[in-house]
Each structure stands twice: as structure tokens, then as C-alpha cells.
Amino acid sequence: MAVHAHPDDESSKGAATSAKYVAEGAEVLVVSCTGGERGDILNPNLAGDPHVLRDLTEVRRGEMAAAAAALGVQHRWLGFVDSGLPEGDPLPPLPEGCFALEEVDTAAAALVRVIREFRPHVVTTYDENGGYPHPDHIMCHKVSVAAFEGAADLARFPGGEPWQPLKLYYNGGFSRERLEIFHRAILAEGGESPFGEWLANRSERAERRVDARVRCEEHFEARDRALLSHATQIDPAGFFFRVPRQQQAELWPTEEFELARSAVETSVPETDLFAGVRELLGGTGA
């Protein structure tokens, strides 16, 4: 189960890993905590599009369905409302009724219901910083951890059959090392790298621990199709696609994860999110 804040996050974080496990026979469920209703239109080709402006919520639901089909994953909406990304100094208050202002256990109870229905062995989500400090990403972390820890606790979350997932991972996101490798490759070929500013902004930021590197280069094409499905959010000429797919596969064929919780014996570094789980299941898992 991959728990994300908005539609499109599932395609930019761990998507090729999701597609890999689906191809291997695992059941993979993506949970979107919000509908992305307050997301900006980031694709300049759709700026001012009347259909998008009229009904962004419905457009993003259609995009999510297409992305799920591209990855082969199942999908559930958790049903909360996008908080938007506040900007300014001082920051404006978050909108009333948004996901980031929910009580953690209230939101976690909704995720617990999904966990008890789907019964995943492995859960992925964001670290305590949200991967980046979007209020919905940070809330997604809090809710995911609370649900992981409480899904087997009927006293805390009544209703349904209790279930305890065995492993919890944080998505690795865009590591500085990966960006540096892509940055140098583009410059070496005389191109203009979109990663220079990113690297400068991340120069003071500590790198997260990497506990698992999952080889998934054969599924980069599915990842890219999923990304492009989110047409309101992804510019087809943007930085996601500045490094040719074959070159990405040669330079960085993995996606990275940080092991946050494990109820099974395992040793790091791992190459498989089901390490320690397969031995218990005798199969591919979920």
C-alpha cells in the first residue's frame, strides 16, 4: 500500500517500484488522501483551459484513474480536501475543513479502514518532513504512521478485523546524489541542466538514510506514462523528462526507501521491500 497526499504524488514517488511489484504478481493499492482540488495548473499547455478551470476536481480524478491504469495498481480516495500550499510571509492560514487541519486520529481512522480491508504487508509513505514541507505531505506522514501503528488496535480504532502491516517505509524522493549524477550527465553532453538550482537549494539539507534500493528500470516507461496522465500537474517538456529514459536506466536504475518500522527480521541495505516478508508468506505479498 502506497499512501500519498495528492493525485500525481504516486507517479513521482515510487511509481516504478509499484509497477514492478504489480508485474511480479503482488497486489498494490495506492491511497490518495486528498483529491488535489487546490493544486495549481503546472502544465503551461493547459493554462486557461476552460474545462480544467471549470472542474479541476473532476479532471484530476480522471487523471488519477489513467495513472493507476498505467501502473497497474488499485486505487482508493481517502476523501479529504486538499489544503493547498500556503505562500507568503507571514503564511496565510490554512483553509477551514482541509486535510492538514483534521485531527490525526480522525483521518487515521479512515486509513485504518482501508488497511483492514486491503490487508497490506508493506506500507510506504512520506517521512516526518513530508518529503518537502507541504502541509498535506506532513499530515500524510502523521496519518500513515498512526494508521500503521493502530490498525491492529481495536480499542484505538474500533470496527473491522484488526490487521498489522509488517513493514513501513518512507519514500526516498529525489536524493542529492541522484540529482548530481543527472546534472553532470546533462552538462557533459552540452545541455542545460534544470537541476542546478535544486542542488543549490539543497546544499544545506541533510540527506535521508537509504535502507532499500529497488531495481525497477524496466518500469520507467510505465512511470512516465503515469506521470504524463497527470496533465494538469506535469509539463511534458519539464525536468522529469530532461534525462532520456535509457540514460536514467543506466545512471540510476533504482528507487530508494527508508525503513521506518519492521516487525520481521531483515538486514539493510535491502533490494526488496518484501525482504523478510516473503519468508513468512511463501509468495509475493501485498
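Calculation rules
- Here, residues in each chain are numbered from 1, in the same order as that chain's written sequence.
- Reporting of local features is limited, given that this is a predicted model, to residues whose pLDDT is at least 70; pairs of side-chain atoms are given and counted only at 80 or more, and all residues count toward the totals for whole chains, interfaces and linings.
- For side-chain calculations, the full set of non-hydrogen atoms in the structure is used, while hydrogens and water are omitted.
- The numbering of helices and of strands both runs from the N terminus, where a helix is a DSSP run of H or I of at least 4 residues and a strand a run of E of at least 2.
- Radius of gyration here is computed from C-alpha atoms only, and the compact-globule reference equals 2.2 Å multiplied by the residue count raised to the power 0.38.
- Per-residue accessibility, obtained with a 1.4 Å probe over protein chains only, is compared with the maximum for each type, and a residue is labelled buried under 20%, exposed over 50%, and partly exposed between these values.
- Residues count as neighbours in contact if any of their non-hydrogen atoms are within 4.5 Å of one another.
- The protein chains shown are the only cover counted for residues, whose accessible areas, like all others here, come from Shrake-Rupley with a 1.4 Å probe.
- Under this rule, positive means Lys or Arg and negative means Asp or Glu; His and the chain ends count for nothing.
- Charge coordinates come from a single atom per side chain, which is NZ of Lys, CZ of Arg, CG of Asp or CD of Glu.
- Where helices are involved, their axes are fitted lines through C-alpha atoms of the stretch in contact, as for all axes, and angles between N-to-C directions lie from 0 to 180°.
- These descriptions rest on fixed angle ranges, namely under 35 degrees for roughly parallel, over 145 for roughly antiparallel, 65 to 115 for roughly perpendicular, and the rest for oblique.
- Classification used: nonpolar for Ala, Val, Leu, Ile, Met, Phe, Trp, Tyr, Cys and Pro, charged for Asp, Glu, Lys and Arg, polar for all others including Gly.
- The rule for a salt bridge is simple: a side-chain nitrogen of Lys or Arg has to be within 4 Å of a carboxyl oxygen of Asp or Glu.
- Two N or O atoms count as a polar contact when they lie within 3.5 Å, although within protein this holds only if one can serve as hydrogen donor and the other as acceptor, and sequence-adjacent residues are included solely when both atoms are side-chain atoms.
- Note on terminology: a nonpolar core comprises buried Ala, Val, Leu, Ile, Met, Phe, Trp, Tyr and Cys residues joined through side-chain atoms within 4.5 Å.
- Helix span, as expected, comes to 1.5 Å for every residue beyond the first.

1. Side note on the overall build of the protein
For step 1, the next point in the chain: Each helix and strand in the protein was counted, giving 11 helices and seven strands.
For step 2, the next point in the chain: Expected size for 286 residues packed as a compact globule is a radius of gyration near 19 Å; at 19 Å, the protein falls within 12% of this value.
For step 3, the next point in the chain: Seen along its three principal axes, the alpha-carbon backbone of the protein occupies a region of about 60 × 45 × 35 Å.
For step 4, the next point in the chain: Burial status across the protein gives 51% buried among its 286 residues.
For step 5, the next point in the chain: If you take every contact in the protein between residues at least 6 apart in sequence, the share linking residues at least 24 apart comes to 79%.
For step 6, the next point in the chain: Per element, the accessible surface of the protein, about 13,300 Å² overall, is 51% carbon and sulfur.
For step 7, the next point in the chain: Charged side chains of the protein number 28 positive and 46 negative; the gap between the two group centres comes to 2 Å.

2. Focus on helix α2 (residues 15-23)
For step 1, the next point in the chain: For α2, the tally of buried residues reaches seven of nine residues, placing the bulk of the element in the interior.
For step 2, the next point in the chain: Among all positions of α2, only A15, A16, T17, S18, A19, K20 and Y21 are buried.
For step 3, the next point in the chain: Looking at the packing, one finds that the buried side of α2 touches α1 (9-12), α4 (56-71), β6 (212-215), α9 (220-229), β7 (254-262) and α11 (278-281).
For step 4, the next point in the chain: Two residues or fewer past α2, G25 is found with a positive phi of approximately 105 degrees.

3. Describing the packing of α4 against α9
For step 1, the next point in the chain: Running from amino to carboxyl end, α4 crosses α9 at an angle of 175 degrees, the nearest separation of the two axes being 8 Å. Between α4 and α9, the angle falls in the class roughly antiparallel. Of the residues in α9, those touching α4 at E63, A66, A67, A70 and L71 are A222, R223, R225, A226 and S229.
For step 2, the next point in the chain: Taken together, the residues of the contact of α4 with α9 break down into six nonpolar, one polar and three charged.

4. Considerations on the environment of A110
For step 1, the next point in the chain: Residue placement: A110 occurs in helix α5 (residues 104-118).
For step 2, the next point in the chain: Residues in contact with A110, not counting those within four places in the same chain, are L78 and F80.

5. Some points on the side chain of E255
For step 1, the next point in the chain: Locating E255 in the fold gives a position in strand β7.
For step 2, the next point in the chain: No salt bridge forms around the buried E255; measuring N to O, its nearest opposite-charge neighbour R223 is 5.1 Å away.
For step 3, the next point in the chain: Among the polar contacts listed, one links the side chain of E255 to the side chain of T17, at a separation of 2.6 Å.
For step 4, the next point in the chain: Ignoring anything within four residues of it in the chain, the contact list for E255 reads G14, A15, A16, T17, A212, R213, V214, C216 and R223.

6. Comments concerning the nonpolar core
For step 1, the next point in the chain: M1, L78, F99 and L111 are the most contacted members of the largest nonpolar core, which has 32 residues in total.
For step 2, the next point in the chain: Elements that contribute at least two residues to this core include exactly β2 (29-34), β3 (74-80), α5, α6 (135-150) and β5 (167-171).
For step 3, the next point in the chain: Here this core takes eight residues from α5, the largest share from any one element.
For step 4, the next point in the chain: Excluding its chain neighbours within four sequence positions, the residues that come into contact with L111 are M1, V3, V31, L78, V143, S144 and A147.
For step 5, the next point in the chain: Formed by 26 residues, the second largest nonpolar core is a distinct cluster that contains A68, V122, V214 and L273.

7. A short note on α6
For step 1, the next point in the chain: Over its 16 residues, α6 runs 22 Å from end to end, which matches the ideal 22 Å to within 8%, given 1.5 Å per residue.
For step 2, the next point in the chain: Most of α6 sits inside the fold, with 13 of its 16 residues counted as buried.

8. A short note on the environment of V122
For step 1, the next point in the chain: Structurally, V122 is set in strand β4 (residues 122-125).
For step 2, the next point in the chain: What makes V122 buried here is its relative accessible area of 5%.
For step 3, the next point in the chain: V122 has contacts with M1, K167, Y169, L273, F274, V277 and A286, leaving out every residue within four places of it along the chain.

9. Some remarks on the pattern of salt bridges
Oppositely charged side chains may form a pair once their charged atoms are brought near each other.
For step 1, the next point in the chain: Evaluated as defined, the whole model comprises 19 salt bridges.
For step 2, the next point in the chain: Note that E258 and R208 form a salt bridge whose closest N and O atoms lie 3.0 Å from each other. On the criterion of sequence distance, the pair formed by E258 in strand β7 and R208 in the loop between α8 (196-201) and β6 is long-range, its members being 50 residues apart.
For step 3, the next point in the chain: Taking relative accessible area as the criterion, E258 reaches 9% and is therefore assigned buried.
For step 4, the next point in the chain: Among the charged side chains, a network of salt bridges with common partners joins D127, E128, R208, R209, D211 and E258.

The quantities given are spatial measurements derived from coordinates; they are silent on function.
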